[in-house]
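So you can see what is in the structure, the chains are spelled out below.
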Amino acid sequence: MKVLIAGCGDLGTETGLRLLRDGHDVVGLRRRAERLPSGFERLAGDLGDALPPLPHDVDAVVFAAAPGQRSVSAYRRVYHDGLAGVLDGLQRAGASPQRVLFVSSTAVYGVDDGSWVDETTPTRPNSDTGRVLVEAEQLLFEAPLPGTVFRLAGIYGPGRTRLLDQVRAGEAVAPQPPVHTNRIHRDDAAEAIVHLLTRVADPAEVYLGVDEAPVDRGEVVRWLADQLGVPPPPEGAHQRSRGGDKRCRNDRLLATGFAFAYPTYREGYAAVLRGEGVRHP
Ligand SMILES: NC(=O)c1ccc[n+]([C@@H]2O[C@H](COP(=O)([O-])OP(=O)(O)OC[C@H]3O[C@@H](n4cnc5c(N)ncnc54)[C@H](OP(=O)(O)O)[C@@H]3O)[C@@H](O)[C@H]2O)c1
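Being a predicted model, the structure only gives us computed values, none of them experimental.

The rules we used
Residues numbered from 1 in each chain as written. Predicted model: local features only at pLDDT ≥ 70, side-chain atom pairs only at ≥ 80, totals over all residues. Heavy atoms only, no water. Core = buried A, V, L, I, M, F, W, Y, C linked by side-chain atoms within 4.5 Å. Buried < 20%, exposed > 50% of the residue type's maximum accessible area, 1.4 Å probe, protein only. Helix = DSSP H or I, 4+ residues; strand = E, 2+ residues; numbered from the N terminus. Salt bridge = Lys/Arg side-chain N within 4 Å of Asp/Glu carboxyl O.

> Outline the nonpolar core, listing residues and values.
By size, the foremost hydrophobic cluster in this structure holds 39 residues, and its most contacted members are Leu-4, Leu-47, Phe-63, Val-86, Leu-90 and Phe-102. Broken down by secondary-structure element, the contributors of at least two residues to this core are strand E1 (2-6), strand E2 (25-30), strand E4 (60-63), helix H2 (72-93), strand E5 (99-105), helix H3 (128-142) and strand E12 (206-209). Here this core gets 7 residues from one element, more than from any other, and that element is H2. The next biggest cluster of nonpolar side chains, apart from the first, holds 29 residues, and it includes Ala-60, Ile-184, Tyr-207 and Phe-260.

Below, the structure written as structure tokens:
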């Protein structure tokens, strides 16, 4: 299978490396294509501008770009206009991939009362950037190609040490009242993309990409403090985070036969603390 990964950064590169390991061909598209590892076919291009010609013989496409800043205009340029450009480029190339997988986010759900969320929950984002993601998803649903939207929870993993650094520095707070956090290790997110593209015969339109344990954020920071041997973070008022307060279900992904290497934050952060893996530039 030949897979085009558009916006090939940390997650895209890890996905590509796994596809290469499984014997597939990978084309990585990004502005700084020289950063892609050997084995990738490199395609330099800006998703917000006219793209270089896309390969005509791609069997699948992964869109995994992330804008450098959290502004509506940056989101629109990368997610909406970028996806539109890729879909248009595929059509102009005469390509007919079996699947286009768009990496989205659980930010499309505006849920903030701690209730459960799954693929059937209506998307009512409570941020302007979340609304752009919904528009981009819609673009894919309306495209004449088989599309899958993969809504990821907060990615953590090698080199993503913000929460660890906060705990280590004594700057983390255990929110009171408690707030849920939903997470996925970078490697599980990458492996799930490979799984959906290459092992699932007829993937659904939407999957949530989240591990098996929505968890009280306070529990996570207390556990991390214990692992790091620093005092437990104090309780404190929660600063509203982008994640809102929800609990994401992964039943649909599990039903495809996917197995998590890091089912909860404990296994995942233990691997991060052991220094396993690298963040791809
Ligand atoms: N971080 C999270 O917690 C989280 C949560 C939910 C969903 N996600 C989603 O996960 C996906 C992957 O995230 P990641 O962590 O792998 O991000 P990342 O490491 O920042 O990679 C994103 C890549 O997009 C490329 N890119 C950005 N603007 C571009 C443009 N105009 N044209 C071409 N390429 C462009 C960048 O490469 P160049 O600079 O070389 O162009 C970058 O390598 C994204 O879709 C993100 O929305 C992330």
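> Break down the pattern of salt bridges for me, citing the residues and quoting the values.
Considering all chains together, one arrives at 22 salt bridges under this definition. Between Glu-41 and Lys-2 there is a salt bridge whose closest N-O contact spans 3.8 Å. On the criterion of sequence distance, the pair formed by Glu-41 in strand E3 (residues 41-44) and Lys-2 in strand E1 is long-range, its members being 39 residues apart. Taking relative accessible area as the criterion, Lys-2 reaches 16% and is therefore assigned buried. Here Arg-92 makes a salt bridge to Asp-88, at a shortest N to O gap of 3.2 Å. Placement of both Arg-92 and Asp-88 in helix H2 is noted, with a separation of 4 residues, approximately one turn of the helix. Using a relative accessible area of 33% as the deciding quantity, one classes Asp-88 as partly exposed. Here the salt bridges share partners, and the residues they tie into one network are Asp-10, Glu-14, Arg-18, Asp-22, Arg-160, Arg-186, Asp-187, Glu-191 and Arg-199.

As far as function goes, none of this settles anything; it's purely spatial.
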